[in-house]
Every structure is written in structure tokens, then in C-alpha cells.
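Fold and contact review
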Amino acid sequence: MLSFFRRIINSKAGVIVTFIVLGIIAIAFAAGDVSNISGMAGGLTGSTVAKVGDAKVTVDDLRTAAQNEVAAYRQEQPTLDMAQFIAAGGFEGVLQREVTGLSLEEFGKDQGMVVSRRLVDGQIASIPAFRGPNGQFDPALYQQLLAQRKMTDAQVRTDLQRTLFAQQLTVPTIGATQMATQMALPYASLLLEKRQGEVGYIPTRLVGAGAAPSDADIQAFYTRNIQRYTLPERRVVRYALVTPASIAGQSAPSEAEIARYYQTNAARYAATQKRDITQVIVADQAGANALAARAKGGASLADAARAAGLEASVQKGVDKATYATQSTPAVADAVFGAAQGAVVGPVRGPLGFVVARVDAVTQVAGKTLAQVRPEIVAELTKQKQTAALGETRNAIEDSLSGNATFDEVVADRKLQAQTTPAVTAQGAAPETPGFQPTPEQRAMITAAFTAEEGDAPQIVPVGQDGGFAIVGVGQIQRSAPRPLAQVRQQVVADLTADRARAATRKLANAVLAKVNKGMPMAQALKETGLAAPPVRPIAASRRDLAAAQNTPAAAPLALLFSMPQGKAKTLEAPANEGWYIIRATKIDAGNATGNTAAIQAARQDIGRLIGREYVSQFARAVRDTVGVKTDPKAVAKVRSELLNNGSN
């Protein structure tokens, strides 16, 4: 999960979401059960879901936080929608984090803590996604991304400020934990435990599904599993592109503009002189005089500098103007007034006395207008494109702010209107299976699903050349189940698979009962009458179990370590492919006595858990001290709105 957060911080598309997620990193471990927040609705308004001290979590705060968290998770799981997020408990987690973060902020302020604007500025400027081509913070890029996420600078600063309060209050606590060696010994020994067992497997493909299902069976299964055949909300996205190519006619420079540009930048194209210079800066004049005397006497300036404990620097192909900005005009006049091979100085510079040698002189011929015309045309074209795009965008934004419709803007600007098929928030088009959205269309789809019905069209940046799209929402198809007639074939396949799965599970339970009564597993499998795969051995330590996390082997190993010796349990294989019967045949208890490395590792691991528990308890105490009241009806309303709006 942390690697995901690191990636999204460097992602331009998801960086605004990161502001909220950064707060989650700081305080997620402090989140307790949401039921620990008192559900007192007294005194709360309809727009407030929770009151935390003197501060409030509004309906908009909670809705935006949930939408942003879903958007963040979609960077790794594009198919995730709001319904799935809420079903997994994500909504309650968002509410808990909002309340906990605000509680920590209020508590910090009560204790006299301060998060300065300058500190917040530094946090914003340090985010790589806000850096322009020169590597520096780009305010225009920052504002552009804020507009994409429909957030304000004030909201971002509030989120960051809250994050910094939480970090200052909790980070010292989580690291200030210790675990005694004797307390760690049992846990270290547990990690050394080893187990052996055996695994039997009954594949679903070997088990029949019974007679063909009747129409009544199909209808009942369809009704019972209606969610399987329900399409999420789909929207037709209307858009019109404004790109450099579409305004090419406005971007071609005239001959007069080309000539004017050449004259204005005459110094850039004039003949010039460049020099290779070796120089040494000496703090005192006496030392500089001695160094210059040795160099003028025939010694290498670099060698003379090393003999004096100094280091010479070399600049190649530098012109006078550039050299003057690095030293002073007086030093530049002296160096560029000397002949090739001459030693100059000492001359007072900004950091001391400069002694320099002119190593080489190169004359650079000037360039005529004909020679640089292609370069000037390209530069002026780019400038005029940028200006034209900006003027067009401003004019369109003015029209939209004046309640102009999508059709009116497109007609007024003579643009070409385009539409996508009805798509989900993830860009899938169930009725148009071959549709694959381009990266630009994905950005438009995301924007369309952040809009409410009746909202004005949006401006969405596309590409890296300043282009943008006017995006509006066309037809909205609410989430609804597909008619049985359309999905009958799929329903029959699902029903058949479900029956085969149930029959396989029944056989696996029968084998389990026989094995737990003492029958050898191979014999119990043979009595099923199926050509099941042979029983295979399994062996692992608890360290193997920990290392297997998030791998296919994790579930069987976890089951092996959850049963007494001689007992068996069943486990369903992934994708409903069958059932495992796993029996533990031997348990070797671990003993970490004298194993310093194992004990130390256990101390560190448990210490981290203790630290998180300390922070969790601290956060609960802070909430109790600050005082938290929630409005269950307002919370339920936000939850319902998010579900009804599908993937928004």
C-alpha cells in the first residue's frame, strides 16, 4: 500500500487526491471502531455530519473525502466503484479518518501548536507533480490540477494543515515503544513453529451439475442474484476538442512579425565572441598578486593555484554577458579585453580577487534573417498558439459562466462535437464492447462522472500542448439490472456453475468427515468415485506463512496453522475451481531460547504494533477530550447519495 502512495504522489493525475491520502497515512493507524464516536444528533444542522469540538465535518467534506479516496484506489484497481468501496467498509473508514484528523487538529490548536503557512507552502512546493520543465514549482500547473479535481487552494491547505497536525502529534508516539526480551520470547518461538500436513483436492470440473435447469429455476436464480446482472450507471460524454491544430490558422506569423522578432532579438543573432577561461579566486590581494606573478612568469595557472592550496575552475565557450553575471562587469571587461593566452588580474570580484587566463578565443559569426527564419517561425507559432488557446479558453469559460450550453459554445466557436458510447466511470461501454477510450477520453470520462446532472460543461486539459476539451454530460443511464432475456445464457452458465460448486462442496464435506474420523485421505477421496488428483504433502514454518502473504499459497498455509494436529478442514479454491481438504499431520513447536536474532526481530515487530496501539488509544482520548457528536441521519443520507450516484 505504501508503494501505491509513493507512486500516486508522483502522478499528475492523482496528486490532488494524495493530499487526503497523505493524511490517511499519518492517522490511519489511529482509526478505531466508528461506533466509538458518540451518535448524538442534538445541535447539528442538516449540512453537518459531525461536530468535533468547535469544528465541523460537513456533508460536502464527507462526500468529497469518500469520492477522492475511491479515485485514489482506482489508480491501482480501475474497476472499483463506490458501491464496492462502501460494501467493503470504506465509507465508515473515511468518516472515522475525517473525525480523527479533525480531532487531532483541534487538540493541537488547544495545546498551542501551530502549522505555519510557510510550512504548508513548502509541502505543496515539494510535490514532484507540481514542478514545471525547469524543476521548480509551477503555480499554473498547480491551479490546473486543482481545477481538474474541482478543489480550491483553501481546501488543499486545510487538508495539508490537518495532516501536519496529525503527524506532529502521533509520529513521536508510534516510534517510542520497547518490548522486553522475555515478553518477546514466546512470540519469537511461535515464529519458529513448523507443521506438516497433506492436501487433497476435488476439482469442480469432475462433478456434474445435475439436470438442466428449468425456466423456474433460471428465473429464481436470476432474481436471487440480480446484482450480478446489474449494470452500473453509464453516461454519454459529449465533448469538443480545442487543440493547436484546430487553431493553426490563427497561429501562422506574418512577415512583419518575423522581421520584428529578428530586430528585437538582434543581440541573440549578432556576431559574438566566446572564450575558454581558467580562473582562480583568492581571498586576499597579496596572495592574488603572488599567484598572478607566477602565472605571468610562465607557470600553469592551475599548477600555481594547487601549489598555493587553491583550485582553478574552467569555463568553456562563455560569452561576455554570461561571464559578467557570474563575476562582475569589471572582471568581464578585463578578461574579454585581453588577448588569447594572456593572464589577467588580480581584479576584485564578488568573492575575492580574480586571477584568470584566456585559454582560447572563438569568433561566432552572426546569423541573417534568412538563416534563422525557420527557428523564428517555429518560436512565434508556438507563442501564438499558446496565446490563441488561452484566449479561446478564456472566452469559452466566460460563455459557460454566463450559462451558455454545450451546443451554444460549440456552435459559437465552430467546433466539432463528439460523443462517447454510454460508458461507466471506468470507461467500459457494456453496449459497445469494442470501445477502448483514449487517455484523453479517460480524463473526460472522469470529469463527466464528477458532475451532477444539470451542471454546466467543464474544461478538461488534454495532452501536453495546451489543448483542452469542453466536456458535457449527455444521456445518463441509471444503474439497473439487464433483462433476463438479454443475459439468459449467462444466467444458465452461472446457475450450472453454482450447482456444480455446491455438489463439489458436499463431496468435500463428506471426505472431511471421514478423514476426521481417522480414514486415510487417499481412501476417502477414492470413495467419491472421482478421478481426483493424488494427495500431496505440505510443510512450512510460520515464517513461510508470513512470507506467503498475498500469494496463492497464503490461504492453504493459514488453514494448516489454524487446526490441531490430526484434524482436517476444507478450503475453497480460487475462482470456484474446486475444494481443498487440508489435514495437519505433525506440529513441531518452536523454541527461540538463545536465538538472539529471532528474539530481536520479534521485539521490533511487536514494538511497532504497540506503537500503533498507543496512537490508537491516544486518538480515542483526543476525541473524548475534544468532544465528538455525529448525526446518524446525515451520515446515512451521504452514504445513500454516494450509492445512488453509482461510481461518482
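How each quantity is defined
- Residues numbered from 1 in each chain as written.
- Predicted model: local features only at pLDDT ≥ 70, side-chain atom pairs only at ≥ 80, totals over all residues.
- Heavy atoms only, no water.
- Helix = DSSP H or I, 4+ residues; strand = E, 2+ residues; numbered from the N terminus.
- Buried < 20%, exposed > 50% of the residue type's maximum accessible area, 1.4 Å probe, protein only.
- Contact = heavy atoms within 4.5 Å.
- Areas by Shrake-Rupley, 256 points an atom, 1.4 Å probe, with all protein chains shown as cover.
- Axes fitted to C-alpha atoms, helices over the stretch in contact; angles between N-to-C directions.
- Parallel < 35°, antiparallel > 145°, perpendicular 65-115°, else oblique.
- Nonpolar A, V, L, I, M, F, W, Y, C, P; charged D, E, K, R; others polar.
- Pairing = 2+ DSSP bridges.
- Expected span 1.5 Å × (residues − 1).
- Phe/Tyr/Trp six-rings, centres within 6.5 Å; stacked < 30°, edge-to-face > 60°.
- Lys NZ or Arg CZ within 6 Å of the ring centre and 35° of its normal.

For the rest of this paragraph, the subject is the overall build of the chain. Looking only at helices and strands, the chain has 25 helices and 17 strands in total. A total of 648 residues make up the chain; the buried ones form 41% of that total. Residue pairs in contact within the chain that sit at least 24 positions apart in sequence constitute 73% of those at least 6 positions apart. When the accessible area of the chain is evaluated, it comes to approximately 33,500 Å², of which 53% is carbon and sulfur surface.

What follows deals with the packing of helix α5 (residues 90–110) against helix α24 (residues 596–626). Running from N to C, α5 and α24 point in directions that differ by 70 degrees, and their axes come no closer than 9 Å. By the angle class used here, α5 and α24 are roughly perpendicular. Across from Gln96, Val99, Thr100, Ser103, Leu104, Glu106 and Phe107 in α5, the residues of α24 making contact are Phe618, Ala619, Val622, Arg623, Thr625 and Val626. Of the residues in the contact of α5 with α24, the class split is seven nonpolar, four polar and two charged.

Strand order in this open sheet of three strands is β2-β1-β17, and the pairing throughout is antiparallel. In this open sheet, the two strands that pair with only one neighbour each are β2 (55–58) and β17 (628–630). The average undirected angle you get between the axes of adjacent strands in this sheet is 15 degrees. Of the strands in this sheet, β1 (48–52) and β2 are in contact with helix α3 (residues 59–74), which crosses β2 at around 55 degrees.

Bringing α24 into the picture now. Because the α-helix completes a turn every 3.6 residues, residues three or four places apart line up on one side. Between its first and last C-alpha atoms α24 spans 44 Å; for 31 residues at 1.5 Å apiece the expected length is 45 Å, and the two agree. For α24, every residue scored as buried is listed here: Ala598, Ile599, Ala602, Ile606, Gly607, Gly611, Val615, Ser616, Ala619, Val622, Arg623 and Val626. Two residues or fewer past α24, glycine 627 is found with a positive phi of approximately 95 degrees.

What follows is about the packing of aromatic side chains. Enumeration according to the criterion identifies five aromatic pairs in this entry. On the basis of an interplanar angle of 25 degrees and a centroid distance of 5.8 Å, the ring pair of tyrosine 222 and tyrosine 229 is categorised as stacked. Both residues of the pair, tyrosine 222 and tyrosine 229, belong to the buried class. Directly above the aromatic system of phenylalanine 449 lies the positively charged group of arginine 235, at a separation of 5.1 Å from the ring centroid. Above the face of the phenylalanine 468 ring, arginine 393 is positioned so that its terminal group lies 5.8 Å from the ring centre.

On the secondary structure map, glutamine 315 appears in strand β7 (residues 313–319). Those residues in contact with glutamine 315, other than ones at most four positions away along the chain, are Arg275, Asp276, Ile277, Gln279, Tyr323 and Gln326.

Turning our eyes to something else, we now look at the packing of helix α10 (residues 215–224) against helix α20 (residues 484–516). Where α10 contacts α20, the axes come no closer than 9 Å and their chain directions differ by 95 degrees. Taken together, the axis directions place α10 and α20 in an arrangement best described as roughly perpendicular. Facing Asp215, Asp217, Ile218, Gln219, Phe221 and Tyr222 of α10, the residues of α20 in contact are Leu484, Val487, Arg488, Val491, Val492, Asp494, Leu495, Asp498 and Arg499. Among the residues making up the contact of α10 with α20, the classes are represented as eight nonpolar, one polar and six charged.

On to the pairing of strand β8 (residues 343–348). Residues in a regular strand project their side chains so that they alternate between the two faces of the sheet. Pairing analysis gives four bridges linking β8 to strand β9 (residues 353–364), with the strands arranged antiparallel. By the bridge assignment for β9, valine 347 is matched with valine 354. Taken together, β8 and the strand that follows it, β9, pair antiparallel across an intervening segment of four residues, in which glycine 352 is found at a positive phi of about 155 degrees.

Scope: geometric values only; no functional claims are made or implied.
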